[in-house]
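Listed below are the residues making up each chain.
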Amino acid sequence: MNGLSPANHLLLVILMPLVGAVVAWLMGSRGQQAVRQSAAFTAVATLVAAGWLVIRFLTRPAGLSALEPFAVIEVPWLVEGMFDIRLSLGLDGLSIWLFGLSALLSLTAVLVSWDAIKEKPVGFYGLLLLLEAAMLGVFAARDIILFYVFFEFTLVPLFFLIGIWGHDERRKAAVKFFVYTLAGSVLSFLGLLAIVLWHASQTGTITFDIAGLTAGLQAHPLPMTAAGGWLQWLVFLALFAGFAVKVPIVPFHTWLPLAHVEAPTGGSVDLAGVLLKIGIYGFLRFSLPMLPEASAAAAPWLVGLGVFGILYGALVALVQTDLKRLIAYSSVSHMGYIVLGLFALEPLALEGANLQLINHGLSSAGLFALVGMIYERFHTRSIANLGGIAAKAPWLTVLFMLFTFSSIGLPGLNGFVGEFMILAGSFQRAWAGVAESFFQPYLFMAVSAVVGVVLGAWYMLWAVERVFFGPSREPPRSHSTDGHGSHAHHHGAHDDVDRCDLRWHEAAALLPLAVFVVWIGIMPQAFLSPAAPAIEQSARAAREAFADRMNLPPQDHAAGSSIAATASSLPYSPSSP
Amino acid sequence: MQDISPATLLVLVPLLPLVGAIVTVAFGRLLGSRAHLPAVISIAAALGCAVVLLAGTARLVGDGHGGPARPVEMITTLWQWATVEGSQPFSIPVALRLDPLTATMLTIITSVGLLVAIYSIGYMHDDPGYPRFFALVATFVFSMAMLVAASNFLLVYVFWEAVGACSYLLIGFWFRKPEAAKAAKKAFLVNRVGDFGLAVATFLLWMTYGTLNFHDTLSADGVIMPGILGQTRLADAAGYVGGIVGTAICLLLLLAACGKSAQLPLHVWLPDAMEGPTPASSLIHAATMVTAGIYLIARSCPLFMACPDALTTVSIVGATTALVAGLIGTVQNDLKRVLAYSTISQLGYMFASLGTGTLLGFTAAIFHLLTHAFFKALLFMGAGSVMHSMGGVIDMRRFGGLRRVMPITAATFLVGGLALAGVAPFAGFFSKDEILASLHSRGWPDAHHEDHHAAAQKGYATHFHLAASSPENAAVQGENEPRPLSRIDSPATFRTLFWMSLFTAGLTAFYTFRAVFMTFTGPTRVPEEAGHHAHESPPVMTAPLIILAIASAVSGWLLFSTHALANFLAATPSFTAPAVVATAVKPAFHWDLALQGTLAAAIGIALAAYGHLGRRSDGPQMERFLGPLQTLFARKFFLDEIYTALVVRPLEAVAFIFALFDRRVIDGLVDLVAGIPFAVAAVVRQFQSGLLQRYALAGVVGVLAIVVALAWQLRG
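Asks: Any chance you could explain the pairing of strand 2 (residues 90-98) of chain B here in plain terms?
Replies: Every regular strand shows the same layout, with side chains that alternate between the two sheet faces. All names here are of chain B. Burial runs high along strand 2: eight of the nine residues are buried. Pairing between strand 1 (residues 74-84) and strand 2: nine bridges, direction antiparallel. Bridging across to strand 2, Thr83 finds its partner in Ser91. In this antiparallel pair of consecutive strands, strand 1 and strand 2, the connection spans five residues.

Asks: Just to check I follow, could you spell out the pattern of salt bridges for this structure?
Replies: Opposite charge on two side chains permits them to pair, given that their charged atoms come into close proximity. Inspection of the entire model under this criterion finds 31 salt bridges over all chains. We note a salt bridge from Asp92 of chain A to Arg285 of chain A, for which the minimum N-O separation is 2.9 Å. Of this pair, Asp92 of chain A sits in the loop between strand 2 (83-91) and helix 3 (96-112) while Arg285 of chain A sits in helix 10 (residues 265-290), placing them 193 residues apart in sequence. Considered together, Asp92 of chain A and Arg285 of chain A belong to a single accessibility category, that of buried residues. Between Glu465 of chain A and Lys182 of chain B there is a salt bridge, with its nearest N and O atoms 3.7 Å apart. In this pair, Glu465 of chain A is assigned in helix 17 (residues 436-468) and Lys182 of chain B in helix 6 (residues 178-209), connecting two distinct chains. Judged by relative accessible area, Lys182 of chain B falls into the partly exposed class, the value being 47%. Beyond isolated ion pairs, a larger network of salt bridges with shared partners links Lys177, Lys186, Asp272, Glu275, Asp334, Arg337 and Asp640 of chain B.

Asks: I keep staring at the confidence of the model for chain A and nothing clicks. Help me out?
Replies: The predicted coordinates should not be examined in detail at positions where pLDDT is low. Residue and element names in this part refer to chain A. Residues with a pLDDT of 70 or more make up 88% of chain A, whose mean pLDDT is 84. Counting contacts from residues 478-496, a segment whose pLDDT is below 50, to residues more than four positions away or on other chains yields 22 contacts. Note that residues 555-577 has pLDDT below 50 and, in this model, 32 contacts with residues that lie over four places away or in other chains.

Asks: I'm lost on the packing of helix 1 (residues 6-31) of chain B against helix 2 (residues 36-61) of chain B in this one. Help?
Replies: Packed helix pairs are characterised by how far apart their axes lie and by the angle those axes make with each other. All names here are of chain B. It is the contact of helix 1 with helix 2, at a shortest axis distance of 8 Å, that shows an interaxial angle of 175°. Viewed along their axes, helix 1 and helix 2 adopt a mutual orientation that is roughly antiparallel. Contacts between helix 1 and helix 2 involve Pro6, Leu9, Leu10, Leu12, Val13, Leu16, Pro17, Gly20, Val23, Thr24 and Leu31 from the first element and Pro38, Ala39, Ser42, Ile43, Ala45, Ala46, Cys49, Ala50, Val52 and Leu53 from the second. Considering only residue class, the contact of helix 1 with helix 2 consists of 18 nonpolar, three polar and no charged.

About the thresholds
Residues numbered from 1 in each chain as written. Chains lettered and ligands numbered in written order. Predicted model: local features only at pLDDT ≥ 70, side-chain atom pairs only at ≥ 80, totals over all residues. Heavy atoms only, no water. Buried < 20%, exposed > 50% of the residue type's maximum accessible area, 1.4 Å probe, protein only. Helix = DSSP H or I, 4+ residues; strand = E, 2+ residues; numbered from the N terminus. Pairing = 2+ DSSP bridges. Salt bridge = Lys/Arg side-chain N within 4 Å of Asp/Glu carboxyl O. pLDDT = per-residue confidence, 0-100. Contact = heavy atoms within 4.5 Å. Axes fitted to C-alpha atoms, helices over the stretch in contact; angles between N-to-C directions. Parallel < 35°, antiparallel > 145°, perpendicular 65-115°, else oblique. Nonpolar A, V, L, I, M, F, W, Y, C, P; charged D, E, K, R; others polar.

Okay, here's the thing in structure tokens:
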């Protein structure tokens with residue numbers, strides 16, 4: 001397989017789920033078992049191929065610049081005169097981990113649906129694989145047209161997944177999710193079009209190539225003055241509309257709890273694990289590098305919204321009675337950290353935010369998957385009706401605790417790394433990177449964000465205590481008509497509890513996530529360095545614009561340098577046994 | 001062991017228990033009733049490594065008679081945890097350190113850990129969670145060893161939380177008991193409040209000092225990057241910031257220490273933590289984890305020396321906690337809770353000692369930490385032994401004369417009690433004496449002139465007051481502010497604290513012997529839960545008791561008479577800061593203080609004997625003299641209720657309002673906006689009814705609306 005060029009490899013990875021969807025459809029006549037097996041096979045094959053591509057990216061020849069895009073495919077579409085339109089795919093440091101995460105979580109989504117989906121399995125698995133192709137594509141797109149097509153294409157499968165295989169209020173949730181996200185993304189598309197047109201008016205070339213547009217816009221920035229019609233502001237707000245809904249940034253978040261609660265487990269896994277990240281990815285890919293002045297001007301407000309989101313999401317999570325809704329609100333809180341890290345604009349915070357995208361993808365996907373498993377067993381997600389699961393399903397409990405600890409940022413696990421870097425970066429911004437007048441609010445916001453760490457532990461451990469510990473509680477079984485309720489339906493002696501621990505496909509769905517949760521926590525450097533140059537490149541312009549705005553001397557930190565100066569003049573006498 | 005390098009040994013101390021834990025998790029089911037083997041063997045091996053390291057470090061330090069101690073440290077860097085380039089580079093190596101303080105702590109952790117693990121073979125025997133327990137204990141020993149061996153603040157934070165997580169899992173070990181699950185959550189959350197302090201302190205340290213490493217590092221181009229507690233900065237008289245930032249950092253570190261070491265106002269989790277298995281209480285909530293706060297402050301003492309206010313606050317918090325917890329301890333009837341409050345109180349002593357900001361105070365705190373680890377572990381295991389044979393009952397009012405039933409437990413408990421009460425020549429007497437001496441030296445500085453002169457002549461240190469006037473020390477304290485910064489850092493404060501501590505010493509003796517007399521003397525009474533075969537615990541449980549009893553009996557005298565520990569600890573880099581060295585005094589035995597301390601203990605024991613010796617333990621005892629105070633103490637000064645009312649309920653109310661706001665207002669607005677197209681459509685549909693009068697009405701309403709709107713405009 002050495003002959004496989006990276007570009008073809010990438011194309012193969014994106015096409016595999018599509019082929020798999022067709023295969024699943026062909027298997028339809030042979031029943032649920034055949035369909036789900038073929039879907040699992042496709043997901044595994046795609047994951048292997050994607051994982052191998054990620055490894056090829058990480059081990060690519062050292063001669064190449066760290067910023068060189070990898071596995072580029074370009075199809076000229078209209079290259080003539082002023083038109084320079086190509087469809088182009090490729091990977092770089094910004095997208096590589098999200099690309100891999102999409103492939104990983106798609107397998108999780110297939111495996112957690114194993115027993116849960118009994119009706120119309122063909123449609124379900126077909127849509128799930130379609131969703132996978134769209135997620136892989138959105139991170140691999142190198143031009144705006146493809147990005148937007150894939151971006152919209154993530155919506156459609158999920159709309160049907162929620163609307164058909166969801167829970168009681170699935171219609172409402174699906175429509176709300178679809179309309180809300182679509183309304184935002186249409187505005188985003190207008191913003192992107194405006195960028196293309198502005199670029200064309202300045203350079204005389206119509207191109208949709210993201211790299212080309214970024215370079216062009218940094219050379220000919222959109223006007224930020226009243227004379228220029230505040231164009232950069234308008235475009236920023238247009239992009240913001242789409243991305244903020246997707247993230248979601250409070251107060252544009254209300255579609256999320258509803259969608260999560262109603263979605264089937266597999267849909268929740270993809271939604272929380274990958275789709276929310278597209279919003280942040282959009283900020284990093286488009287807003288920061290293309291609209292640096294507007295991003296810098298908006299940064300203080302977005303930092304504020306991020307911190308508000310952290311506390312707001314955590315507090316609302318605290319009073320939830322539905323376990324899945326609680327975790328949905330925890331997502332709102334966690335995405336607040338990422339927004340904070342993004343708009344702190346410090347390298348440390350940005351890299352932390354980027355890592356936290358992956359971390360949250362792993363931990364929230366794991367938690368949603370586990371909630372789904374609990375629901376399959378006990379037919380309720382109500383925290384009040386659950387209890388003492390630890391005695392019945394010890395390994396399920398162990399994994400839930402692991403993802404909980406990851407989610408509340410316990411050191412040694414992945415969540416801590418990102419959270420710590422984001423918070424340290426925010427303090428750095430508050431300390432030395434802001435003009436005097438902003439110092440106080442920034443420091444206040446940074447400290448408030450740390451308070452969120454306490455609240456995060458509160459609601460998660462409260463839920464763990466109620467659901468997993470305490471005396472074993474038998475939830476009321478109102479609709480035990482379907483297959484699962486019956487086998488554990490005797491209410492008699494509870495002391496020797498019926499074991500209902502993880503089955504093989506459930507363990508297989510969660511263990512890969514658990515491995516990464518620990519691995520990233522112990523050795524984060526391996527996950528930070530591939531992305532670092534790309535993040536720096538996309539954020540540098542915004543950081544410089546911010547420094548200009550705040551009248552700061554760029555790249556200067558008084559505290560560190562003065563101490564280093566005194567230190568070098570001092571005698572040093574190392575003494576070690 | 002000759003050809004194994006110290007660096008390897010240092011890595012092995014935490015690594016072995018980790019391997020033990022992993023093996024237990026992997027093969028626990030298979031090992032069955034032998035699931036303790038990986039943990040016991042690995043911790044024993046770790047203890048071996050720690051002892052070799054201790055001996056090696058001691059050899060390097062020398063006998064301590066050659067003038068001021070030279071700092072001794074060794075750093076080994078394992079891998080780069082995270083590096084981020086930027087205007088202020090963020091570079092975190094996974095680096096372990098070895099110095100006298102670390103070596104001492106490692107030895108305490110592994111030795112108590114081993115004894116607890118052996119004891120648990122008997123205590124946890126037949127528990128369905130047997131393998132889980134040993135896996136957790138081994139994980140805890142790993143985390144705790146890493147905490148004291150870590151050489152940067154980030155790693156300290158990592159293992160600070162890791163030991164908290166182990167504690168959470170061990171408190172909630174019997175997770176089916178709702179109280180245990182609740183206590184575990186409470187412990188974690190209260191500790192999280194402390195962790196908040198450590199996190200913010202870490203960020204501020206990083207911003208202030210440009211690094212989080214303790215040690216100095218060499219950059220690629222050969223420039224020394226001074227660490228926060230590295231020798232370069234320690235030698236630099238102006239190396240530490242004071243003022244608002246410095247004080248904020250120190251107070252945040254103190255908050256963290258208060259969380260982990262259960263000091264006011266964050267002590268409320270420790271008594272509840274007694275829901276966990278007794279061996280876990282003994283190891284984690286008495287001997288080791290709760291001393292992490294003392295370790296942290298001792299380690300970062302140069303930071304505190306630049307902020308006298310923060311330092312004094314440490315003392316005030318410590319002495320107050322010691323007193324309050326002692327008072328609460330006097331009315332508890334649950335044997336384990338008496339010991340829990342006693343732990344809080346003794347930790348308070350250590351804080352009081354640290355806050356004096358003298359070399360004597362720092363070494364005395366570590367000395368007391370060491371002796372306390374032995375005798376408190378002993379007392380807890382003794383309580384566990386009682387609980388084990390009494391069928392799980394721990395209410396002292398239901399016991400009596402147990403010395404006849406379980407003589408070994410009774411004898412060893414008595415030794416532990418004597419050590420805790422500070423009776424000569426048991427361990428607690430000597431360490432408590434040093435703590436009182438350090439407080440006394442700050443309260444009555446003139447009385448200690450002699451010591452300073454003597455020390456100065458021996459080359460130990462310059463005189464206290466001379467030190468303050470010499471230029472480089474003036475720079476240490478000055479630059480930002482002169483030494484007598486405020487009113488709280490004054491002899492009068494320390495005099496008050498001294499008297500409080502002395503009173504607490506009496507209280508300690510009282511509640512300890514109240515427990516001893518209630519449990520082990522009087523007419524023999526065994527609760528019916530014990531059945532007919534109440535008996536002494538098996539040898540696997542009593543052997544650790546005996547070993548610890550010997551340690552509690554002799555360790556104080558041994559270490560005090562030779563000054564071995566104080567000399568050894570003085571070579572810890574943090575204690576070689578000029579500001580600390582300047583406070584060094586000649587080691588001395590203070591007859592006057594020893595007499596006062598002994599008198600206090602004697603009064604306490606006598607009162608306990610008057611109230612409880614030889615009586616039935618279930619009658620009204622000393623409480624009747626306390627009147628309303630008894631309620632106050634028994635309800636723990638109502639602190640739990642106050643926190644619930646002032647913190648938990650308001651937050652829950654805010655959360656409830658936010659949730660309501662979320663559903664009604666934010667989501668309502670979204671639905672409203674989304675509803676506009678439908679509403680418009682519906683309205684328009686209505687109007688196209690074809691009825692003329694409707695159209696006419698609409699026209700009239702429209703005109704009216706315009707008129708009203710115009711009038712409204714004109715009005716303004």
